[in-house]
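A closer look at the structure
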Amino acid sequence: MTELILYHNPRCSKSRQTLALLEERDLKPRIIRYLETPPDAETLGRLLDLLRLEPRQLMRPKEAPYHALDLANPARSRAELIDAMVANPILIERPIVLANGKAALGRPPENVLHIL
């Protein structure tokens, strides 16, 4: 297996459950606390491509920056949405797991098992 990476928010129950699921299988991911160390625009774009999602599909629309920055506006470009997530990582849905050249969103946590 290639490097196992978990974009993690320890305050998020789904993120904690995903980490526990990996650890139960004796897997030790490299943990990136994305609120402290957000991915850059290029990395986030690559994650979106691997997840086969558009930026809004990886956004948390209930977070304050989503409304404050008018991110529901269909005129916003992909680059603008990605830049908003980089500048406001709270907008990024979590957890995201990378393994074997693939990515999965841990909602539910068991989603990540198919890329291992």
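In the block above lies the structure referred to throughout.
Residues numbered from 1 in each chain as written. Predicted model: local features only at pLDDT ≥ 70, side-chain atom pairs only at ≥ 80, totals over all residues. Heavy atoms only, no water.

A short note on the overall build of the chain
For the record, the criterion: In this description a helix means any DSSP run of H or I spanning at least four residues, a strand means any run of E spanning at least two, and both kinds are numbered starting from the N terminus. Put simply, the radius of gyration uses C-alpha atoms, and a globule should come to 2.2 Å times the residue count raised to 0.38. A simple rule labels every residue: compare its accessible area, found with a 1.4 Å probe on the protein chains alone, to the largest value its type can have, and call it buried under 20%, exposed over 50%, or partly exposed in between. When checking whether two residues touch, look at their non-hydrogen atoms; a contact exists if any pair is within 4.5 Å. Charge counting follows a simple rule: Lys and Arg are positive, Asp and Glu are negative, and His as well as the terminal groups are ignored. All charge positions are set by atom: Lys at NZ, Arg at CZ, Asp at CG, Glu at CD.
Looking only at helices and strands, the chain has four helices and four strands in total. Tracing the chain from N to C terminus, the helices and strands come up as β-α-β-α-α-α-β-β. Its C-alpha atoms give the chain a radius of gyration of 14 Å, within 12% of the compact-globule value 13 Å for 116 residues. With the principal axes as the frame, the chain shows a C-alpha extent of 45 × 25 × 20 Å. Within the span of the chain, comprising 116 residues, buried residues form 45% of the whole. Considering only contacts within the chain whose residues lie at least 6 apart along the sequence, 63% involve residues at least 24 apart. Side-chain charges of the chain comprise 17 positive and 15 negative groups, with the mean position of each set lying 4 Å from the other.

Regarding the side chain of Glu93
Inclusion rule: Under this definition, polar contacts are N or O atom pairs within 3.5 Å; protein pairs additionally need one hydrogen-donor-capable and one acceptor-capable atom, and for neighbouring residues in sequence, both atoms have to be side-chain atoms.
Relative to the helices and strands, Glu93 resides in the loop between α4 (78–87) and β3 (96–99). Relative accessible area serves as the criterion here: at 14%, Glu93 is assigned to the buried category. Looking at Glu93, its side chain comes within polar contact range of the side chain of Arg107, at 2.8 Å. Non-local contacts of Glu93, meaning those with residues more than four positions away in its chain, are made with Leu58, Arg60, Leu105 and Arg107.

Looking at the pattern of salt bridges
Heads up, the rule is: What counts as a salt bridge is simple: a side-chain nitrogen of Lys or Arg found within 4 Å of a carboxyl oxygen of Asp or Glu.
Under the criterion given, the structure shown has ten salt bridges. Put simply, Arg25 and Glu24 hold a salt bridge, and the shortest N to O gap is 3.9 Å. Residue Glu63 pairs with Arg60 through a salt bridge whose shortest N-O separation is 3.3 Å. The class of Glu63 is partly exposed, set by a relative accessible area of 21%. Where salt bridges share partners, they join Arg60, Glu63, Glu93 and Arg107 into one cluster.

Regarding helix α1 (residues 13–24)
Applicable threshold: Helix span, as expected, comes to 1.5 Å for every residue beyond the first. Along the arc lie the directions from the helix axis toward the C-beta atoms.
Look at α1: 16 Å from first C-alpha to last across twelve residues, which is about the 16 Å you get at 1.5 Å a residue. Among the residues of α1, those classed as buried are Ser15, Thr18, Leu19, Leu21 and Leu22. For α1, the buried positions fall inside an angular range of 160° around the axis, keeping them on one side. In this fold, the buried residues of α1 make contact with β1 (5–8), β2 (30–33) and β3. Asp26, located one to two residues past α1, shows a positive phi value of around 60°.

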